[in-house]
Amino acid sequence: MVNSIPLIKTPKHKLKQPSDNLDITYQQAGLVQDVMGKRLKEGWGNAAVIPGLKKRADAEQKIKDKYFGHNDEIKDVSRFSGKFPSFEALLDGLNFVLKMKGIEVLNVKNKFRNPDVLGYADININAAFELDDGTHHIFEIQLHLDAIIVAKEKVHVFYEDIRKCIPDIVGDGFTVDE
């Protein structure tokens, strides 16, 4: 089942917001959050988790630490999660997203096949939502198993500490995601 998840990978240089202006990115993200939030609630029901937009201070810190000041590279100002009781339900949730109209799935990262450096596993999607002006806004969807999300919530504070420390320890140009 883990190997049935499609690998979709768009080159990093194409994964950019249409503007380097963070205010514009937040405006677009608000629209995406409303529209995609409704679609995911309709398709996933109670499995859909629709948080608010990423906190501005968190986005600015991520841009500094991970994207070296490039505002147009942040992809999770608008973000969504799905919490599923089984791997089969998670795959159904993934297929729902892959067939959605009005978005283009740019990346599907299967961390069940390759967990991150801390052992965490989920499905991470970057997709482009087409805006009325013909541009797009890149957003993130994470698909989780209920059992793993319980563990993630217990250790998330440590994850954030490690994420902040690694660039200081190993120097410029390296992030926890590498």
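Residues numbered from 1 in each chain as written. Predicted model: local features only at pLDDT ≥ 70, side-chain atom pairs only at ≥ 80, totals over all residues. Heavy atoms only, no water.

(A) Expanded view of the pairing of strand S4 (residues 123–130). Of all 8 residues that make up S4, 7 are buried, and the element is covered over most of its length. As paired elements, strand S3 (residues 103–110) and S4 share 7 bridges and run antiparallel to each other. Looking at the pairing, asparagine 107 lines up with asparagine 126 of S4. Sheet topology places S4 next to strand S5 (residues 136–145); 8 bridges connect them, and they run antiparallel. Across the sheet, the residue bridging to asparagine 126 is glutamate 140, located in S5. Between S4 and the antiparallel strand that follows it, S5, lie 5 residues; glycine 134 among them carries a positive phi value of about 90°. (Buried < 20%, exposed > 50% of the residue type's maximum accessible area, 1.4 Å probe, protein only. Helix = DSSP H or I, 4+ residues; strand = E, 2+ residues; numbered from the N terminus. Pairing = 2+ DSSP bridges.)

(B) Just the pattern of salt bridges, in detail. One pass over the full model with this rule turns up 7 salt bridges. Between lysine 16 and glutamate 73 there is a salt bridge whose closest N-O contact spans 3.9 Å. Here glutamate 73 lies in the loop between helix H2 (56–65) and strand S2 (79–84) and lysine 16 lies in the segment before helix H1 (22–44), a separation of 57 residues in the sequence. Ionic pairing is found between lysine 54 and aspartate 76, a salt bridge with its closest N-O pair at 3.0 Å. Of this pair, lysine 54 sits in the loop between strand S1 (48–49) and H2 while aspartate 76 sits in the loop between H2 and S2, and the two are 22 residues apart along the sequence. Given a relative accessible area of 6%, aspartate 76 falls into the buried group. Salt bridges sharing partners connect three or more residues here, namely Asp23, Arg56 and Glu60. (Salt bridge = Lys/Arg side-chain N within 4 Å of Asp/Glu carboxyl O.)

(C) Examining the confidence of the model for the protein chain more closely. When pLDDT is averaged along the protein chain, the result is 90; 94% of the residues meet or exceed 70. Mean pLDDT across the elements of the protein chain ranges from a minimum in helix H4 (residues 146–170), with 75, to a maximum in H1, with 98. (pLDDT = per-residue confidence, 0-100.)

(D) Representation of the packing of aromatic side chains within the structure. With the rule as written, the count across this model stands at 3 aromatic pairs. Aromatic pair phenylalanine 80 and phenylalanine 139: ring centres 5.9 Å apart, planes at 85°, arrangement edge-to-face. Of this pair, phenylalanine 80 sits in strand S2 while phenylalanine 139 sits in strand S5, placing them 59 residues apart in sequence. Consider the rings of phenylalanine 87 and phenylalanine 112, whose centres lie 5.1 Å apart with planes at 90°: the pair is edge-to-face. Within this pair, whereas phenylalanine 87 is found in helix H3 (residues 87–98), its partner phenylalanine 112 is found in the loop between S3 and S4, the two being separated by 25 residues in sequence. (Phe/Tyr/Trp six-rings, centres within 6.5 Å; stacked < 30°, edge-to-face > 60°.)

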